Amino acid sequence: LNNPIPSLSVYPNPASCGNVVISYEIAKGSSAAAITIYDLQGKKVRQFAPSGLVSGLSKQVWDLMDESGSRVPAGTYLAVVEENGVRSRATIMVQN
């Protein structure tokens, strides 16, 4: 059986400047995964369009910016990867 939940990791974590790399694995035979960053209040901070990748390891770079292009404040964020309706989450700590 293939596990439909993508393997998910975030580096560096905590992050203070530069980029965060969100790495995940899409199970064989799955559709492309979508990545959304949320704050702890559940507000969508940034959304990345699904890649065309159908299976295997993929990476998404987050520049610590929100949808409007502003740097996010220090705090805790959730990276959510959704694949075939199944979600996997990772916590991202952002420092000043």
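All values reported here derive from a predicted model rather than from experimental measurement. (Residues numbered from 1 in each chain as written. Predicted model: local features only at pLDDT ≥ 70, side-chain atom pairs only at ≥ 80, totals over all residues. Heavy atoms only, no water.)

Asker: Mind showing me how you'd approach unusual backbone geometry here?
Answerer: For the peptide bond that leads from Y11 to P12, omega is -5 degrees, which places it in the cis range. Among the secondary structure elements, P12 is positioned in the loop between β1 (7-11) and β2 (20-26). The omega angle of the peptide bond from N13 to P14 is 10 degrees, so this bond is cis rather than trans. Tracing the backbone through its elements, the reader meets P14 in the loop between β1 and β2. At L64, a residue that is not glycine, the phi angle is positive and equals roughly 65 degrees. Checked against the element boundaries, L64 lands in the loop between β5 (56-62) and β6 (75-83). Given the relative accessible area of 0%, L64 is considered buried. (Helix = DSSP H or I, 4+ residues; strand = E, 2+ residues; numbered from the N terminus. Buried < 20%, exposed > 50% of the residue type's maximum accessible area, 1.4 Å probe, protein only.)

Asker: Explanation requested: the pattern of salt bridges in the structure shown.
Answerer: When their charged atoms lie close together, side chains carrying opposite charge are able to pair. The final tally for this structure, using the stated rule, is two salt bridges. One salt bridge in this structure joins D63 and R46, with 2.7 Å as the shortest N-O distance. With a gap of 17 residues between them, D63 in the loop between β5 and β6 and R46 in strand β4 (residues 44-48) connect regions that are remote in the sequence. When its relative accessible area of 18% is taken as the criterion, R46 is described as buried. A salt bridge links E82 to R87; the shortest N-O distance between them is 3.4 Å. Assessed through its relative accessible area of 30%, E82 is described here as partly exposed. The class of R87 is partly exposed, set by a relative accessible area of 40%. (Salt bridge = Lys/Arg side-chain N within 4 Å of Asp/Glu carboxyl O.)

Asker: Please clarify how the sheet that holds β4 should be interpreted in this entry.
Answerer: Backbone hydrogen bonds hold the strands of a sheet together, and the pairing may be parallel or antiparallel. One open sheet holds the four strands; their spatial order is β4-β3-β6-β7, and the pairing between them is antiparallel. With partners counted over all chains shown, the strands left at the sheet margins are β4 and β7 (86-94), one partner each. Pairs of neighbouring strands in the sheet enclose a mean axial angle of 20 degrees, with direction left out of account. Here strand β3 (residues 34-39) runs beside β6; their pairing, made up of six bridges, is antiparallel. Paired with D39 across the two strands is Y77, which belongs to β6. (Pairing = 2+ DSSP bridges. Axes fitted to C-alpha atoms, helices over the stretch in contact; angles between N-to-C directions.)

Asker: Is there a simple way to explain the environment of E25 in this structure?
Answerer: Mapped onto the elements of the fold, E25 is located in strand β2. Taking the C-alpha atoms as reference points, E25 and S7, 18 residues apart in sequence, are found 5.0 Å from one another.

Honestly, that's just the spatial picture; any functional story needs more than this.
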